[in-house]
Amino acid sequence: MRQTVLRVERVSKSFGGTRALDDVSIEIRAREVVGLVGANGAGKSTLLKTLCGLCQPDSGRIVLRDKVLGLKGIADAANAGIGMVFQELSLLPNLSVAENILLGHEGAALRCGFYDWKALRALAAAQLRKLGSSISPSARTGSLSFAERQMIELARVLAIEERAQNEPVILLDEPTSMLDAAHIEAVLAQIENLRERSSVLFVTHRLDEALRVCDRIYVLSDGRCVAQRGRKDFSIADLQQHMLGRELGVACPAQARPARQAESRLSVRALCCGNSYRGISFDLSDGEILGIAGVAGSGRESLCRALFGIEQPDSGEIVLDGQPVQLGEPADAVRLGIGYVPADRDAEGIVAGLGILENMTLAHLGGLCRGPFLDRAREKALVEGWIAQLRIAPGAAQTPARHLSGGNQQKIVLAKWLVAGSPKILILDHPLRGLDVGAKMDITRLIRELAQSGIGILLIADTYDELTALSDRIIVMKDGVVSGHFPAGGTKPSELQILECMV
Amino acid sequence: MAIVLSALGAQSSVAAPLCEKSQIRLVNSMREIAQPYHANLDKGGRLFARWAGLEQRYVLQLNQGDSDKQVSLMRGLLSTNPKCTIFNVEPNSDPVIKPMVDTANRSGAWIVTHWAHGEGLHPFDGNPQWVAHVAVNSLDAGVAISKILVDAMGGKGGIVALQGRLDTDPARKRFAGLQQVLKDHPGIQLLDQQSANWDRTAAFPVMQTWLAKYGSQIKAVWAANDDMALGALEALRAAGLAGKIPVVGVDGIPEAIDAIVKGEMNATVSSDAYYQGSIGLAMGVCVLTGQVPLPKAWPNERREFYLKLQVITKDNAGQFRGDPQASAYVPEWDCANLWSRNTGKAF
Amino acid sequence: MEPQYRQGILRFANWQLWGPGLALIVLCLGFSLAEPRFASVENFQVIADRSAIPLILAVGMTFVVLQGAIDLSTEGVMAACSLTVAMLILNSRSGLDLGWLGVVLALLPGLAIGFLNGLLVTRLRVPSFIATLGAWSVALGLAMLVSGGQPPLIQDQSLRAFGLGRTWAVSNLALVACLVLAFGYVLQNYTRFGRYSLAIGGGEDQARLSGLPVDRYKVAAFAVSGLLAGLAGVLGSARIGLGHVDIGLGQMLATITAVVIGGTSLSGGRGGVLQSALGTLILAVLANGMIFIGVTPDLQKAVEGAIILSASLIATWRLRSRLRIVR
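What counts, and where the lines are drawn
- Each chain has its residues counted from 1, following the order in which its sequence is written.
- A letter from A marks each chain and a number from 1 marks each ligand, given out in the order of writing.
- Under the rules for a predicted model, residues below a pLDDT of 70 receive no local features and side-chain atom pairs below 80 are neither given nor counted, while totals for whole chains, interfaces and linings still include all residues.
- Secondary structure follows DSSP: runs of H or I at least 4 residues long count as helices, runs of E at least 2 residues long count as strands, and numbering of each begins at the N terminus.
- For the radius of gyration, the atoms used are the C-alpha atoms, and the globule rule reads 2.2 Å times the number of residues raised to 0.38.
- Counting other C-beta atoms within 10 Å of a residue's own tells you its class, since 20 or more makes it buried, 12 or fewer makes it exposed, and anything in between is partly exposed; those C-beta atoms are placed from the backbone.
- Any two residues are considered in contact once their C-beta atoms, placed from the backbone, lie within 7 Å.
- Residue classes follow a fixed rule: Ala, Val, Leu, Ile, Met, Phe, Trp, Tyr, Cys and Pro count as nonpolar, while Asp, Glu, Lys and Arg count as charged, and any other residue, Gly among them, counts as polar.
- Among buried residues, those of type Ala, Val, Leu, Ile, Met, Phe, Trp, Tyr and Cys that are joined through C-beta atoms within 7 Å form a set called a nonpolar core.
- Two strands are said to pair when DSSP picks up at least two bridges between them.
- Each axis is a line fitted through C-alpha atoms, taken for helices only over the stretch in contact, and angles between the N-to-C directions span 0 to 180 degrees.
- Between the first and last residue of a helix there are one fewer steps than residues, each counted as 1.5 Å, and that sum is the expected span.
- Here pLDDT means the predictor's own confidence in every residue, given as a number from 0 to 100.

Draft legend 1. Molecular detail of the overall build of chain C. A count of helices and strands for chain C gives 14 helices and 2 strands. A compact globule built from 327 residues would reach a C-alpha radius of gyration of about 20 Å, and chain C, at 20 Å, matches this within 12%. Taken along the three principal axes of its C-alpha coordinates, chain C extends 60 × 55 × 40 Å. Out of the 327 residues belonging to chain C, those deemed buried represent 53%.

Shown next as structure tokens:
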């Protein structure tokens, strides 16, 4: 048995009245990858925060190599040899890659308070080499893609190695949830890599990933550690059962959908925009769900943004209900009945400071007005109706949106487009990203209901399951053109077939 | 001395006293106190207050260049004891006088104004509370210094002119004085003119730029006030020209007088800030204690008149150095002598 | 070497500098064509001298603005240090004569006010706008108290000679400004303070999350700004010859304008001291050139405003996407 490196002993933490962690004990040994799974709100983030010093436990203790830790902040944790890679990246966009990797610990590159740029870049390059990355240390961090920035985050955490006497403990907070298939593979490969020089605590939603790389898995539910499984006992169903406390089928049960013959609602003809996409043409009918698959850079995100008026295509035509339309800005799209649920919920979907009520009615205030004044009573009644129908919790209309879990926030974003009447087209960009199993089911059901009510839906999704479970038709984009098309009816395409078109 | 006693005694019952002496409040309202001119206004007011035994009843109101504030400060103070309050006002800008006079008329307070006011306004035109307007003939001042400047130049060459804040009467009239003098001297050319807002820190870079642009064409510097003249002087000093080029200003601040003695400035004009800061208060006290009749009984020339100006040059600069004593002004604060510096009607 | 963000020859195409630099060249050319006397050596010396104090102020302000804050206390600090230096060295009012020691001591009020600003912002969480506005009034008030209507005249001849004099055909003040600029450049690109200030402006939350002692650097930025404003006040007094309450009149807005025209964004995270220096020069050339081509004083303000608007438009043209938030 390997030696224990980090031990969490009976840690509890409450925020106000909520008990986020309840007597949790876990153990991480040398050179192993330990998985931590659980539904949203189960306490995974809180546990990670405690481990890296961002919050202090109310009771219990954390022991690193037989020494009790009293961590007061990230700097303390880093000095002790614990590094965290955040889910929402914490890099500084204005600085160069080298500075971000060595932030706060420039060491020899800082002589008498002055930067030695050559030395700094060399040190950073050394860290990047450990990961096999070719990113230039002089590049400006803000100009890199999400995946590249995640690489930098990893490099930054690895830099702890240089300072600590022992091998570091690396905490990974859902590193794959924002990535597409190709990059997920890369990250999982890195985790394998990391195993040789550190211990890793890997938090994830995706059970299949956890099963692949972890040596052991802990399951958290409602703040308590309810199960621990070793490699021999891994099983998805078993883990899910512990996470939710109930028996479940596949996360997104597939449903046989009849082939629909309906009028084409939205037609896109030969849409081009510079290098992002070229010659895109497709039709979308009433009540149809069209899934668009592709890796990052395939152009599908740009395409959807163009269909909502955020970006402008260079040439081509968008025809809505038989009329060609010009979408100069989102307001145009909203007026014509097109709704958009963005991928980055926090930044683009909800206004965190406002309540559920305000967020829901944001796009259609006009319909709730009496003369120049807002009809507050009508607004409230409408919103409460939707809260009940969508089972949004907590249900008070004035709860600030940022206090809700990811799944509930997503429900609000969807509701925003449903509030004042059905839109004709809904564009959903990664609607299930960052949600736990229960929320995924709710949203999936919701999307199906929306389609059944006649709304045409364009869906961008990451995982094969989501795509095939929800979509009637699938088109695949690669490098800006449509490279594959799987029509409705007939057998569902296999994962391999879709992957072949994507890369 | 006998005159003073008899004046105080004999005229003590020209009219019934309107206020108890202990009730009288003296207010000096001016722009700010950082510049020596304004500081001396305030000093003059305090000298008078001490002499009259009203030192505790002296109030200074500073509006920092904000005309609205000058009016609102007045109104704020008059919420108590308006009828025994005397305002001696250096207006921030011409338009400010009407609202202040209206306030005085309405509240029963008394007001004496200085320098200039807008067209069509006169104390004797239905403004019973407006005791007097002590006008300064800025045109005369401008003419006086310009003449001296032109003589110092020998009648030909180029002049640069630094103007004050362009929306004030003294700025416009003084410059008009220059232009009037220049008309008679075709050999002299006004190379350039620029407003430096009465401020020496603004005047410095302007003078620097002019030196670069016109070089030796500049034979004299005309400034609408001493502060700007002194700023221009420093720029001349940086170029090694201090004392070599005649400079004139207006205000008679101590620094300017020193510069005249040293030969770096040629002339300035003093309206005597100590006098200006105190005479309005003196007039008001005389009215309130009943030693003079109410202003509405005064002849018009005593309600709106020009103040005697003193031109200071090297010849008489020695007289004006050092802080004056109250004793120099007491005779002029006497109620029988209030118009000793009246040089004629100003309307 | 400054961090290079592009490869090859494009390394030197730092658009952030080229933009305002080009504008400066265009302005100079334009004025020279309209009025040949503008392009004389003597006039360029005048311009250099005239931009000395604004440049020192701009360097200080840049660090604060890079962090996404603002320092409105410039004029008050200048006044306070102006009065201090005038009272400490040989002068007409106090009996002190501390010479160059007095000059150094006169910088302390600036440093102190800067620290105060920093502490107000970091400890008491007062927005920098309000904190520095209050500091401005307090400092100005103290200066007025000391001046009291009888401003102390500086009689120390060596300081006066320094303020008005030249070394190797460049005015002393301009030399000091160049030194300050060099100092600012090194600070910005070669110290943690400079680099982390950029980081704080670009994403304070992430900076904190990364464990940076953000508060410490914020206080440092205000302290630097205060110190340099104090230096500007002292130098201004040396030139004018007295402790003057109005020594900084109008400088605060002019400094912020210079910083913005140079391309340092008011929301932080972008820009630098070189850019601010260019902005300062642009404003100085503008003011000087308008006198040369004879724009009437009444029109100068309007022209200045128009040029500032155009400069801002050009600087942010690339960023004018519809959906970008502008406040």
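Draft legend 2. Layout of the overall build of chain A. Secondary structure summary: chain A contains 18 helices and 24 strands in total. Here chain A holds 503 residues, and 47% of them are scored as buried. If you take every contact in chain A between residues at least 6 apart in sequence, the share linking residues at least 24 apart comes to 70%.

Draft legend 3. Quick peek at the interface of chain A and chain C. Listed by partner, the interface residues are 23 residues for chain A and 20 residues for chain C. Breaking the side of chain A that touches chain C down by element, the ones donating at least two residues are α2 (74-80) and β8 (114-115) of chain A. Considering every element that reaches the side of chain A that touches chain C, the biggest residue donor is α2(A), with 3 residues. When grouped by side-chain class, the residues that make up the side of chain A that touches chain C number 13 nonpolar, 7 polar and 3 charged.

Draft legend 4. View of the nonpolar core. A:Leu171, A:Phe202, B:Ile111, B:Ala223, B:Ala232 and C:Ile56 are the most contacted members of the largest nonpolar core, which totals 277 residues. The element contributing the most residues to this core is helix α11 (residues 214-240) of chain C, with 16 residues. Excluding residues within four positions of it along the chain, B:Ile111 makes contact with B:Phe87, B:Val89, B:Met100, B:Val101, B:Ala104, B:Gln129, B:Trp130 and B:Val131.

Draft legend 5. Highlighting the interface of chain C and chain B. At the junction of the two partners, chain C supplies 26 residues and chain B supplies 23 residues. Those elements that place two or more of their residues in the side of chain C that touches chain B are α2 (41-66), α6 (128-147), α11 and α13 (273-292) of chain C. No other element matches the 5 residues that α2(C) contributes to the side of chain C that touches chain B. For the side of chain C that touches chain B, a count of residues per class yields 11 nonpolar, 9 polar and 6 charged.

Draft legend 6. View of the sheet that holds strand β10 (residues 199-203) of chain A. All names here are of chain A. Spatial strand order, β6-β9-β10-β3-β11-β12: 6 strands in an open sheet with mixed pairing. In the strand order of this sheet, the two ends are held by β6 (82-85) and β12 (224-230), each with one partner. Averaged over all pairs of adjacent strands, the angle between their axes in this sheet comes to 20°, without regard to strand direction.

Draft legend 7. View of the pairing of β6(A). Residue and element names in this part refer to chain A. Neither face of β6 is exposed, since Ile82 and Met84 on one face and Gly83 and Val85 on the opposite face are all buried. Where β6 and strand β9 (residues 169-173) come together, 4 bridges link them in parallel fashion. Paired with Met84 across the two strands is Leu171, which belongs to β9.

Draft legend 8. Local environment of helix α7 (residues 200-214) of chain B. All names here are of chain B. Under the 1.5 Å per step criterion, the end-to-end length of α7 is 20 Å for 15 residues, consistent within 8% with the ideal 21 Å. The buried fraction of α7 is high, at 14 of 15 residues. Of the residues one or two after α7, Gly215 is the one with positive phi, at around 55°.

Draft legend 9. Region of interest: the environment of A:Ser12. Residues and elements named next belong to chain A. Looking at the secondary structure, you find Ser12 in strand β1 (residues 4-15). In this structure the C-alpha to C-alpha distance between Ser12 and Ser59, which are 47 residues apart in sequence, comes to 5.3 Å. Ser12 has contacts with Leu21, Asp22, Asp23, Pro57, Asp58, Ser59 and Gly60, leaving out every residue within four places of it along the chain.

Draft legend 10. Expanded view of the confidence of the model for chain A. When pLDDT is averaged along chain A, the result is 79; 86% of the residues meet or exceed 70. Within the model, pLDDT remains below 50 along residues 246-254 of chain A, and this stretch shows 14 contacts once partners closer than five positions in the same chain are excluded.

Draft legend 11. Quick look at the pairing of β1(A). Residue and element names in this part refer to chain A. Of the strand pairs in this sheet, β1 and strand β2 (residues 18-29) are connected by 8 bridges, and their pairing is antiparallel. Note on β2: the bridge partner recorded for Val11 is Val24. The pairing of β1 with strand β4 (residues 59-64) spans 5 bridges and is antiparallel. Note on β4: the bridge partner recorded for Ser12 is Ser59.

Draft legend 12. Representation of unusual backbone geometry in the model. In this structure, A:Arg10 is a non-glycine residue whose phi angle is positive, near 50°. Within the fold, A:Arg10 resides in strand β1. By the C-beta count within 10 Å, which is 13 here, A:Arg10 ends up partly exposed. Within the chain, C:Arg125 stands out as a residue other than glycine whose phi angle is a positive 60°. By the element assignment, C:Arg125 lies in the loop between α5 (108-122) and α6. Accessibility expressed as a C-beta count within 10 Å gives 8 for C:Arg125, which makes it exposed.

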